[in-house]
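Listed below, chain by chain, are the residues.
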Amino acid sequence: IPVYYFNTLNGSANRNNSHVANLNLKHSFATGKELTVDADYGVYRSDNFSRITTLFYEMNGTSSKPTDILDAFQAGDLALKSAKADYVQPLGKAGKLEAGVKASHVSADNDARFFNVFPSGPQVDGRRTNRFFYDETNGAGYVSFNKEFKKVGLQLGLRGEHRAHRDRGRRG
């Protein structure tokens, strides 16, 4: 048998701002060589506020305990950057050499602050409040050789990658 019920209301205001750009270039040389270059850049920002209000009632509709109010301020920044280049060199009629490089970087900063709102004023909710930072850098390169024979194809390649990342966070 239920002894009480509650009603939760959520009001929010959100601001999001994003900027994205990319560049794509391709050059085909008269000799059959080809060079392509691509670059991407994106920044995403968000700023959000919400108030969550919970009202508690006895089954007869009278208030059963104080109203619970939680304010949340959440801000986030995300930046993505990448660039790559690929080169193709024909080798005779049935062969080619390909090489390329790629680099990328991602960084994020997420700040989530929560406050319990009391008649005496807001108080930080240390269980929910946290801030998180993340940075990642990637680099890669490859080279490959392709050759077609009468009935058989040959492909040899080598690829290397490096990834470095750092994340850190704090609560409260």
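About the cut-offs
Residues numbered from 1 in each chain as written. Predicted model: local features only at pLDDT ≥ 70, side-chain atom pairs only at ≥ 80, totals over all residues. Heavy atoms only, no water. Helix = DSSP H or I, 4+ residues; strand = E, 2+ residues; numbered from the N terminus. Rg over C-alpha atoms; globule rule 2.2 N^0.38 Å. Contact = heavy atoms within 4.5 Å. Lys, Arg positive; Asp, Glu negative; His and termini not counted. Charge placed at Lys NZ, Arg CZ, Asp CG, Glu CD. Phe/Tyr/Trp six-rings, centres within 6.5 Å; stacked < 30°, edge-to-face > 60°. Buried < 20%, exposed > 50% of the residue type's maximum accessible area, 1.4 Å probe, protein only. Lys NZ or Arg CZ within 6 Å of the ring centre and 35° of its normal. Pairing = 2+ DSSP bridges. Salt bridge = Lys/Arg side-chain N within 4 Å of Asp/Glu carboxyl O.

Colleague: Can you help me understand the overall build of the chain in this one?
Modeller: A tally of helices and strands in the chain yields 0 helices and 7 strands. Along its sequence from the N terminus, the chain presents helices and strands in the succession β-β-β-β-β-β-β. A globule of 172 residues ought to have a C-alpha radius of gyration of about 16 Å, yet the chain, at 28 Å, is considerably larger. By its C-alpha atoms, the chain is 90 × 35 × 25 Å across when sized along the principal axes. For the chain, the proportion of contacts with a sequence separation of at least 24, taken over those separated by at least 6, is 64%. Separation of charge centres in the chain, based on 24 positive and 18 negative side chains, amounts to 6 Å.

Colleague: Teacher, can you tell me more about the packing of aromatic side chains here?
Modeller: Following the criterion strictly, the structure yields 5 aromatic pairs and no others. A ring pair is formed by Tyr 5 and Tyr 57, whose centres lie 5.3 Å apart and whose planes are at 25°; its orientation type is stacked. Remark: Tyr 57 occurs in strand S2 (residues 34-58) and Tyr 5 occurs in strand S1 (residues 4-28); sequence separation between them is 52 residues. Summarising the aromatic geometry, the rings of Phe 49 and Phe 73 are spaced 4.9 Å apart at their centres and angled 45° between planes, so their arrangement reads as tilted. Taken together, the residues Phe 49 in strand S2 and Phe 73 in strand S3 (residues 63-91) connect sequence positions 24 residues apart. Assessed through its relative accessible area of 29%, Phe 49 is described here as partly exposed. An aromatic cluster of three or more residues is present, and its members are Tyr 4, Phe 6 and Phe 56. Lying over the aromatic face of Phe 56, Lys 65 brings its terminal NZ or CZ to 4.2 Å of the ring centre.

Colleague: For this particular structure, what's the right way to read the pairing of strand S7 (residues 153-171)?
Modeller: Pairing between strand S6 (residues 130-148) and S7: 19 bridges, direction antiparallel. Following the sheet pairing, Lys 147 is matched in S7 by Leu 154. Between S6 and S7, which pair antiparallel one after the other, the connecting turn spans 4 residues.

Colleague: Quick question: what am I supposed to make of the pattern of salt bridges here?
Modeller: Pairs may arise between side chains of opposite charge once their charged atoms sit close together. For the structure on display, the rule yields 12 salt bridges. The partner of Arg 127 in a salt bridge is Asp 125, and the shortest N-O contact between them spans 3.8 Å. Of the residues examined, Arg 127 reaches a relative accessible area of 60% and is grouped as exposed. Here Glu 136 ties to Arg 163 by a salt bridge, and the two come within 3.3 Å at their closest N and O atoms. Here Arg 163 lies in strand S7 and Glu 136 lies in strand S6, a separation of 27 residues in the sequence. Classification of Glu 136 as buried rests on a relative accessible area of 15%. Among the residues examined, Arg 163 registers a relative accessible area of 46% and is labelled partly exposed. Beyond isolated ion pairs, a larger network of salt bridges with shared partners links Asp 125, Arg 127 and Arg 128.

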